[in-house]
Amino acid sequence: MAALLNRLHHISLHVSNAEKVASDLVSKFKFSLFATRLTDTSRQLAFRKGGAVFIVNERQTQSGVSLNEELRLTDAYPCDPHPVNVGKYLQDNSIKCLYDISPHYPVDSVSNVCFEVEDVERSFRALRNLGCNFMVPPTTVQDERGPVTYSVVKSIVGNVCHTLIDRTKYMGSFLPGFDVIEKDCLPEEDMSCPITHFDHITYVCPKKATHQVMRWYEKLFGFQRFFIKSNEDVDEGFVVNHKDVGLRLTAMEYWKCSEAGITLSSVDKNEPDCKFVIAESLPGQGRNQVDTFLEQHRAPGIQHIGLYTEDIVSSAYAMAQAGVEFFSPPHAYYTEVGKQQEIVDAGHSPQLLAQNGILLDTDLCQDPSPQTTSSEKKRHLLQLFTKPLFAEDTFFLELIERRGATGFGEGNIRALWRSVQAHMENQTGDSQGEGSHKTMQSGQY
Ligand SMILES: O=C(O)C(=O)Cc1ccc(O)cc1
Ligand SMILES: [Fe+2]
């Protein structure tokens, strides 16, 4: 029996300089800092934009903290303003990092996807019986607003962990142990970037590992495969193999327990799902973004996260103005035969998309009803990718606006792949083309 997931709660980053990432999330990506947990030994900062929540954890460097010091710091924990169930806490190594583990990971990384579950104990038992490796057993933390129980399980993908959390008995707005910033004290929501939720999380895994990863998520969390393209081969996945691009993609989504016939008040069926995408490079590739991730991240893991926006043009413009660096294809992408018409048919301005480096793909609806007009048969997908956020060429963010399209666009993927390739070549070679819209050499389309 798999663990039943209700919804994605937050995604955690572990970074060496929380200040830098925090400042980027706020000033460039327009997230709001809404809760903090600052102790002698930890810095955990929570940011929100719509329903998308990131927790940024400052990574402890391995050197410098002796065991004695760790114990002393651990003793200091009960002084934290919010009382917690410290007893259980002392038994694990997660004292510094509430609701997560404190990994001694060598590079900045996005390494925890936290899910809300109905019953942490039950999920723990079910997963342990299936052979899962737990980093933190069920642990209860509480403050005057009630208790929250969580545990942390290691995934099959590199350094990725999943915190399973039950906050149904908690009356506060976030999590015990965090100081929540009062709504009145928060800056006004930035309306220029209408980001509503996490659309998808993309994993990079080694060659031929996709099936193992899919099986793990299916067996343990009840994830279900969904086809990125309707004609996708079950075993092969969605293969993008075109000249210099060699990528295998498969996608999965989790079902919420309410959909398994159990009606749960805490589960909002209308809440959008976050998909999981698994990417591996095909053999015989030159330098590429998947292999570079594996090399520089030093393990499989989370390569990028798609932030869903209701208005990609306005979001892209506002973020670029604030200093976000995006990849963009050469102007030739927009002047390719048929592209301008495709963009106009989708209700967009070719000029605006080109100015902001936004990619557009069109999907033909497979089974339209007889009443469907010709423009309704087309589904569109608009995407834009940032340059890597950390010092290494590893993690990046994506803006995505879906106009009916549920999968991912081959044209967009090819454009991204090539822009990144050009970026890597530029980094090792000349440093031409720096700027907020670094473009690849034209003529490659
Ligand atoms: O298109 C998307 O947004 C994806 O998430 C698919 C994808 C996965 C990995 C890549 O290196 C490039 C594209
Ligand atoms: Fe993506």
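Refer to the structure presented above.
Residues numbered from 1 in each chain as written. Chains lettered and ligands numbered in written order. Predicted model: local features only at pLDDT ≥ 70, side-chain atom pairs only at ≥ 80, totals over all residues. Heavy atoms only, no water.

This paragraph deals with the overall build of the chain. Across its full length, the chain carries 11 helices and 20 strands. For the chain, the proportion of its 445 residues judged to be buried stands at 55%. Considering only intrachain contacts with a sequence separation of at least 6, the fraction spanning at least 24 residues in the chain is 72%. Carbon and sulfur atoms make up 49% of the accessible area of the chain, which amounts to about 19,300 Å² in all. (Helix = DSSP H or I, 4+ residues; strand = E, 2+ residues; numbered from the N terminus. Buried < 20%, exposed > 50% of the residue type's maximum accessible area, 1.4 Å probe, protein only. Contact = heavy atoms within 4.5 Å. Areas by Shrake-Rupley, 256 points an atom, 1.4 Å probe, with all protein chains shown as cover.)

Relative to the helices and strands, K339 resides in helix 9 (residues 339-345). Within the structure, K339 has its side chain in polar contact with the backbone oxygen of L360 (distance 2.7 Å). For K339, the residues in contact, after removing those within four places along its chain, are Y333, Y334 and L360. (Polar contact = N/O pair within 3.5 Å; in protein donor to acceptor, adjacent residues only side chain to side chain.)

Distances from the iron ion (ligand 2) to its protein donors, namely H200 (NE2), H304 (NE2) and E398 (OE), fall within the range 2.0 to 2.1 Å. All donor residues of the iron ion (ligand 2) come from one chain, and their arrangement in sequence is H-x103-H-x93-E. Of this pair, H200 sits in strand 10 (residues 195-204) while E398 is found in strand 19 (residues 396-403), placing the two residues 198 residues apart along the sequence. Of the residues examined, H200 reaches a relative accessible area of 1% and is grouped as buried. Residue E398 is classed as buried on the basis of its relative accessible area, which comes to 1%. (Donors = N, O, S within 2.8 Å, 3.2 Å for Na, K, Ca; no water.)

Turning our eyes to something else, we now look at empty space enclosed by the protein. What the rule picks out here adds up to 4 cavities of 30 Å³ or more. Taken as a whole, the largest cavity spans an internal volume of roughly 180 Å³. What lines the largest cavity is a set of 18 residues, and nearest its centre among them are L247, L249, H304, I413 and L416. Of all the secondary-structure elements, those providing two or more residues to the lining of the largest cavity are strand 10, strand 13 (245-254), strand 14 (275-281), helix 6 (289-297), strand 15 (301-309), strand 18 (378-385), strand 19 and helix 11 (410-428). Ranked by the residues each element gives to the lining of the largest cavity, the list is headed by helix 11, at 3 residues. Each pocket or cavity is described by its volume, and for the second largest cavity that value is around 100 Å³. If you go around the second largest cavity, the residues you meet are Q289, T292, F293, Q303, F327, P388, D393, T394, F396, V420, H423 and M424. Within the residue set of the lining of the second largest cavity, elements represented by two or more residues are helix 6 and helix 11. Across the lining of the second largest cavity, the residue classes tally to 6 nonpolar, 5 polar and 1 charged. (1 Å grid on protein atoms, 1.4 Å probe; cavity = no way out; pocket = protein on both sides within 12 Å on 5 of 7 lines; lining within 4 Å. Points joined across faces, edges and corners; volume = space filled by probe spheres on them. Nonpolar A, V, L, I, M, F, W, Y, C, P; charged D, E, K, R; others polar.)

On to the state of the cysteines, then. By the definition in use, this model includes 0 disulfides. Unpaired in terms of disulfides, C114 finds its nearest cysteine sulfur in C161, a separation of 12 Å. Cysteine C161 shares no disulfide, and the gap to the nearest cysteine sulfur, in C97, comes to 10 Å. (Disulfide = S-S within 2.5 Å.)

To continue, consider the sheet that holds strand 5 (residues 109-117). The strands making up a sheet are joined through hydrogen bonds of the backbone, oriented either antiparallel or parallel. Within the open sheet, the 9 strands sit side by side as 6-7-8-5-1-4-3-2-9. Their pairing is mixed. The outermost strands of the open sheet, each flanked by one partner alone, are strand 6 (134-143) and strand 9 (179-180). Along the sheet face, helix 4 (residues 120-129) touches strand 5, strand 6, strand 7 (146-154) and strand 8 (161-166) and points at about 175° away from the line of strand 6. (Pairing = 2+ DSSP bridges. Axes fitted to C-alpha atoms, helices over the stretch in contact; angles between N-to-C directions.)

Among the nonpolar cores identified, the biggest contains 83 residues, and I201, Y217, F221 and I305 are the most heavily contacted of them. Contacts of F221, omitting those with residues within four sequence positions, involve A2, A3, L5, L127, V153, H162, L164 and W216. (Core = buried A, V, L, I, M, F, W, Y, C linked by side-chain atoms within 4.5 Å.)

Evaluated as defined, the whole model comprises 21 salt bridges. Two residues, R418 and D244, come together in a salt bridge whose shortest N-O distance is 2.9 Å. Of this pair, R418 sits in helix 11 while D244 sits in the loop between strand 12 (238-242) and strand 13, placing them 174 residues apart in sequence. One salt bridge connects R414 with E410, and the closest N-O pair in it is separated by 3.2 Å. Here R414 and its partner E410 are both found in helix 11, 4 residues apart, which amounts to about one turn of the helix. Connected through salt bridges with shared partners, the residues E19, R43 and E58 form a single ionic network. (Salt bridge = Lys/Arg side-chain N within 4 Å of Asp/Glu carboxyl O.)

Turning next to the site of ligand 1. In the vicinity of ligand 1, 15 residues are found, and the nearest of them are T202, Q303, H304, Q383 and E398. Residue H200 places a side-chain N or O atom 3.4 Å away from an oxygen atom belonging to ligand 1. Protein chains shield 100% of the accessible area of ligand 1, which is 340 Å² for the free molecule. Looking at the shell around ligand 1, the elements with two or more residues in it are strand 10, strand 13, helix 6, strand 15, strand 18 and helix 11. For the shell around ligand 1, the per-class residue count stands at 8 nonpolar, 6 polar and 1 charged. (Near = heavy atom within 4 Å.)

Take Q383: it is sitting in strand 18. For Q383 and R402, which are 19 residues apart along the polypeptide, the C-alpha to C-alpha distance reads 8.6 Å. Filtering out sequence-adjacent residues up to four positions away, Q383 remains in contact with I312, G357, I358, L359, E398, L399, I400, F408, G409 and N412. Looking at Q383, its side chain comes within polar contact range of the side chain of N412, at 2.7 Å.

Summarising the element assignment, Q351 is placed in helix 10 (residues 350-356). Separated by 104 residues in the primary sequence, Q351 and L247 place their C-alpha atoms 30 Å from one another.

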